[in-house]
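# Overview (structure and organization)
So the chains spell out like this:
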Amino acid sequence: FLAMSLGYVSVFGINILGPGNAETAPAAKPEMYQLDIILKRGNNLAIRDRGGTSDPYVKFKISGKEVFRSKTINKNLNPVWDERVSLLVDNLREPLYIKVFDYDFGLQDDFMGSAYLYLESLEHQRTLDVTLDLEDPQHPDHNLGSLDLGVTLSPKEGVSREAHPSMRLSDVHRKAQLWRGIVSISLIEARDLRPMDANGLSDPYVKFRMGHQKYKSKKIPKTLNPQWREQFDFHLYEEHGGFIDITVWDKDAGKKDDFMGRCSIDLSQLSKEHTHKLDLPLDEGEGVLVLLVTLTGVAAVSISDLSVNMLDDPHERHQILQRYGILRSFHNLKDVGVVQVKVIRAEGLMAADVTGKSDPFCVVELSNDRLQTHTIYKNLNPEWNKVFTFNVKDIHSVLEVTVYDEDRDRSADFLGKVAIPLLNIQNGERKAYGLKSKELTGPTKGVIFLEIDVIFNAVKAGLRTLIPIEQKYIEDEPRVSKQLLLQNFNRVRRCILFLINVGCYVNSCFEWDSPQRSICAFLLFVLVVWNFELYMIPLALLLPLVWSYILIASGKDTRQDLQVMEDLLEDEDEDYDKDDKDPERKSFINKLYAIQDVCISVQNALDVVASYGERIKNTFNWTVPFLSWLAIAALCVTTILVYCIPLRYIILAWGVNKFTKKLRDPYTIDNNELLDFLSRVPSDVQVVQYRELKLDLSHSPNKRKKNNPG
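Analysis parameters
- Residues numbered from 1 in each chain as written.
- Predicted model: local features only at pLDDT ≥ 70, side-chain atom pairs only at ≥ 80, totals over all residues.
- Heavy atoms only, no water.
- Helix = DSSP H or I, 4+ residues; strand = E, 2+ residues; numbered from the N terminus.
- Buried < 20%, exposed > 50% of the residue type's maximum accessible area, 1.4 Å probe, protein only.
- Contact = heavy atoms within 4.5 Å.
- Pairing = 2+ DSSP bridges.
- Axes fitted to C-alpha atoms, helices over the stretch in contact; angles between N-to-C directions.
- Phe/Tyr/Trp six-rings, centres within 6.5 Å; stacked < 30°, edge-to-face > 60°.
- Lys NZ or Arg CZ within 6 Å of the ring centre and 35° of its normal.
- UniProt positions renumbered as here; feature names shortened; annotations may be inferred.
- Parallel < 35°, antiparallel > 145°, perpendicular 65-115°, else oblique.
- Left-handed = near helix turned anticlockwise from the far one by under 90°.
- Nonpolar A, V, L, I, M, F, W, Y, C, P; charged D, E, K, R; others polar.
- Salt bridge = Lys/Arg side-chain N within 4 Å of Asp/Glu carboxyl O.
- Core = buried A, V, L, I, M, F, W, Y, C linked by side-chain atoms within 4.5 Å.
- Polar contact = N/O pair within 3.5 Å; in protein donor to acceptor, adjacent residues only side chain to side chain.

### Details of the environment of G242
- The residue G242 is located in the loop between β14 (227-236) and β15 (243-250) in this model.
- Overall, the relative accessible area of 16% leaves G242 in the buried class.
- Taking the C-alpha atoms as reference points, G242 and Q269, 27 residues apart in sequence, are found 9.5 Å from one another.
- Beyond its immediate sequence surroundings of up to four residues, G242 is in contact with I265, D266, L267 and S268.

Structure representation (structure tokens):
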């Protein structure tokens, strides 16, 4: 029996290391089974890249539906994944279909082999080590390597599909965990990197990964000793630390980026509340990466029921108001405020299941902080009654509330979304928000009822506006979109036309089209030039801000109608099908690399130019009153300083500060306060995305309360 227990058993072409046939399956068939899989490693996988390697990832499918996709292991024919997934299955006759692909950025991924795991052959409630030989149905004689798995199949007695929530840890579920701390990484520099280009230099950038959290640094062109001075924050989920994987790449236009080396950080070896300077040598490459790593305590996030929340307690609310009072404006500048979100219910949601119902749950996001509700099964009018509390690090952040339909055997389906800037929130008001599409460009079916409170310190919020904005996790590589390219071009054209109109107006004064206007302009020009002082520059910028405020206060809103922008956005949705790719069509693919890189660069450049033009306009248009008041305060201070202090002293102080900054703090992170300020002002696209939809009065919570007095 012992020999049989340790021997190999071949079932349907699969080598299973496990017990023999001494034990028999239970006679009664349960309704559901839990399938726990550990994707361990690959062995001698197929070569698909020109460098003699591959970038493999694995897909699991049941009944034609994708239920799992692994991470991609770069440039490795013997990859180690060590990923776990739990699935609920109700039909053991349907095998698990496993496919391996080579990831190609922006192109069709190459097929590397497939195999079947026959669930009927698995023994119950025992972990089995499985080795699957990969095959290509079109070329069965090719040796494509193998996969090592750990598989456990357990019956779920008395559990039905409707009653049991999904066991699959999808990305949305993983991101919704409560984290135990923050890991702050400052990427300082690298030294003595390996030259990857023909000119003996490289264009290096760095990728960071910790679980589902990913960041990518900027590219530093033509250097082997780059200096980045960038900062990234990760959420720490593991109680005893974790690992951060770091890879360095050389950016190449027209082909795949070159791998330059890797290293990792074991957070369990670092003490908390202390900044560690790390010099990390690169494995599989040359050079050293210099980082500053700081571990801090638990962030102020929580989930509770509606009956238990801190802001409804007068004593706790008073303490929070004191914590963010004006007297504590310079204490812990990163702690700007707190926001409490009550997710009450939703009505009239889209039916995502064939039964005409949905299994909705709600994900609440603030910057990189994500929490979620439980799932309400078989309901289009769910009531969650949950309270979420977040720490506010930037008052210009946008609260995103997304409703999903949970699916047992695949990733969650999108039902609707709403984006609410924190500065637009009316404290304590229970409101119905119309759900929008995934791109926030148009309405979708259903409304969600929220009650939100924001408490923050205005001084801290103003100071934080002048530092770099927090980056979002990298989730998807940018894609070429003809519609988005055209949209960004039209946005730039609108900004250029505005400048042309201003120039035409000024030129009309020179041409004396209106004698009265030309005389006033001439007298103003003579007075300003004859009496010019430097303080008049910020004063001149103050005047249009004040004039726009007076017009808005008098009921004459001069802000441009955003209907044109809504028309630009309404057709933006594009469907990218990332299903299985045909591996045979690669004859013209290399020519697309250069085209894609150029198009993405132009597309992003147009977006940046258009966004900053619109943000400057929206600052003067009082689109965000807090920022306009902040601009007035800054311009007033600048006017007074320039008026009181001679220009030579100001320039001298600026120069001394610039020349001595590196000496005073070698690891300082450079920033531009003006650009950081403008990054908080919404562009016209964001204004449209954040604007609330007009709802039918029947959705009013007050009317609902009157109609339902009980």
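### A few points about the sheet that holds strand β8 (residues 110-117)
- One open sheet accounts for 4 strands, arranged β5-β4-β7-β8; its pairing is antiparallel. Whereas interior strands pair on both sides, the edge strands pair on one side only; in this sheet they are β5 (65-69) and β8. Going from strand to strand, the sheet's axes swing by 25° on average, the running direction of each strand aside.
- Summarising the sheet, strand β4 (residues 56-62) and strand β7 (residues 96-102) pair through 7 bridges and their orientation is antiparallel. Within the sheet, the bridge partner assigned to F60 lies in β7 and is I98.

### As for the packing of aromatic side chains
- Within this structure, the stated rule accounts for 16 aromatic pairs.
- Considering the side-chain rings of F101 and F111, the 6.1 Å spacing of their centres and the 75° angle between planes classify their relative orientation as edge-to-face. Within this pair, whereas F101 is found in strand β7, its partner F111 is found in strand β8, the two being separated by 10 residues in sequence. Each member of the pair, F101 together with F111, is buried.
- A ring pair is formed by F208 and F232, whose centres lie 5.3 Å apart and whose planes are at 45°; its orientation type is tilted. A residue pair is termed long-range when its members are at least 10 positions apart, and F208 in strand β12 (residues 204-210) and F232 in strand β14 qualify at 24 residues.
- A connected cluster of aromatic rings, assembled from ring pairs, spans F208, Y215, F232 and F234.
- When the ring centre of F449 is taken as reference, the NZ or CZ atom of R345 above it lies at 4.0 Å.
- R615 extends its terminal NZ or CZ atom over the ring of Y612, reaching a point 5.7 Å from the ring centre.

### Points about the UniProt feature "transmembrane region" (unreviewed entry) in the protein
- Feature annotation in UniProt assigns "transmembrane region" (unreviewed entry) to the following positions: residues 522-552 and 626-654.
- Within the segment residues 626-654, helix and strand shares are 93% and 0% respectively, and the terminal C-alpha atoms sit 28 Å apart.

### What about the sheet that holds strand β11 (residues 181-191)?
- Ordered in space as β14-β11-β18-β17, the 4 strands form an open sheet in which the pairing is antiparallel. Of all strands in the sheet, those with a lone pairing partner are β14 and β17 (275-281), marking the two edges. The mean angle between the axes of side-by-side strands here comes to 25°, regardless of whether they run parallel or antiparallel.
- Where β11 lies against β14, 8 bridges are found, and the strand directions are antiparallel.

### Some points on the packing of helix α7 (residues 536-553) against helix α10 (residues 625-644)
- Two elements in contact, α7 and α10, have axes whose closest approach is 9 Å; the angle formed by their N-to-C orientations is 150°. It follows that α7 is roughly antiparallel to α10 by the angle criterion. Pair α7 / α10 crosses with left-handed handedness. Two secondary-structure elements touch here, α7 through P538, L539, L541, L542, L545 and Y549 and α10 through S628, W629, A631, I632, L635, C636, T638 and T639.
- Residue composition of the contact of α7 with α10, by class: 11 nonpolar, 3 polar and no charged.

### Points about the pairing of strand β27 (residues 443-456)
- Of all 14 residues in β27, 10 are buried, a share of seventy percent or more.
- Where strand β20 (residues 337-347) lies against β27, 10 bridges are found, and the strand directions are antiparallel. Across the sheet, residue E347 finds its bridge partner in β27, namely V447.

### Focus: the pattern of salt bridges
- A complete count under the given rule lists 20 salt bridges for this structure.
- As a salt-bridge pair, D257 and K251 come within 3.9 Å of each other at their nearest N and O atoms.
- The buried category is assigned to D257, whose relative accessible area is 16%.
- A relative accessible area of 28% means that K251 is categorised as partly exposed.

### Things to note about the side chain of K386
- Here K386 lies in strand β23 (residues 383-392).
- Contacts of K386, omitting those with residues within four sequence positions, involve I303, S304, D305, V341, K342, V343, T373 and H374.

### Topic: the nonpolar core
- In terms of nonpolar packing, the biggest core is built from 43 residues, with V339, V343, L422, I448 and I452 touching the most fellow members.
- Ranked by residues supplied to this core, first place goes to α10 with 5 residues.
- Counting 34 residues, the second-largest nonpolar core is a separate cluster that includes L96, V100, L117 and L119.

### Quick notes on the pairing of β5
- Bridge count for β4 against β5 is 4 bridges, and the pairing is antiparallel. By the bridge assignment, I62 is partnered in β5 with K65.
- Counting the residues in the hairpin turn of β4 and β5 gives 2 residues, including S63, whose phi is positive at 55°.

### A few points about the environment of I98
- Tracing the backbone through its elements, the reader meets I98 in strand β7.
- Accessibility expressed as a relative area gives 0% for I98, which makes it buried.
- C-alpha of I98 to C-alpha of K61: the two residues are 37 residues apart in sequence and 6.4 Å apart in space.
- With sequence-adjacent residues up to four places away left out, I98 is seen in contact with V58, K59, F60, G113, S114, A115, L117, L132, L147 and L149.

### Side note on the side chain of Q689
- Mapped onto the elements of the fold, Q689 is located in helix α13 (residues 684-690).
- Residue Q689 is classed as buried on the basis of its relative accessible area, which comes to 17%.
- One polar contact links the side chain of Q689 to the main-chain carbonyl oxygen of E439, over a distance of 3.3 Å.
- Aside from chain neighbours lying at most four places away, what touches Q689 is A419, K436, E439 and L440.

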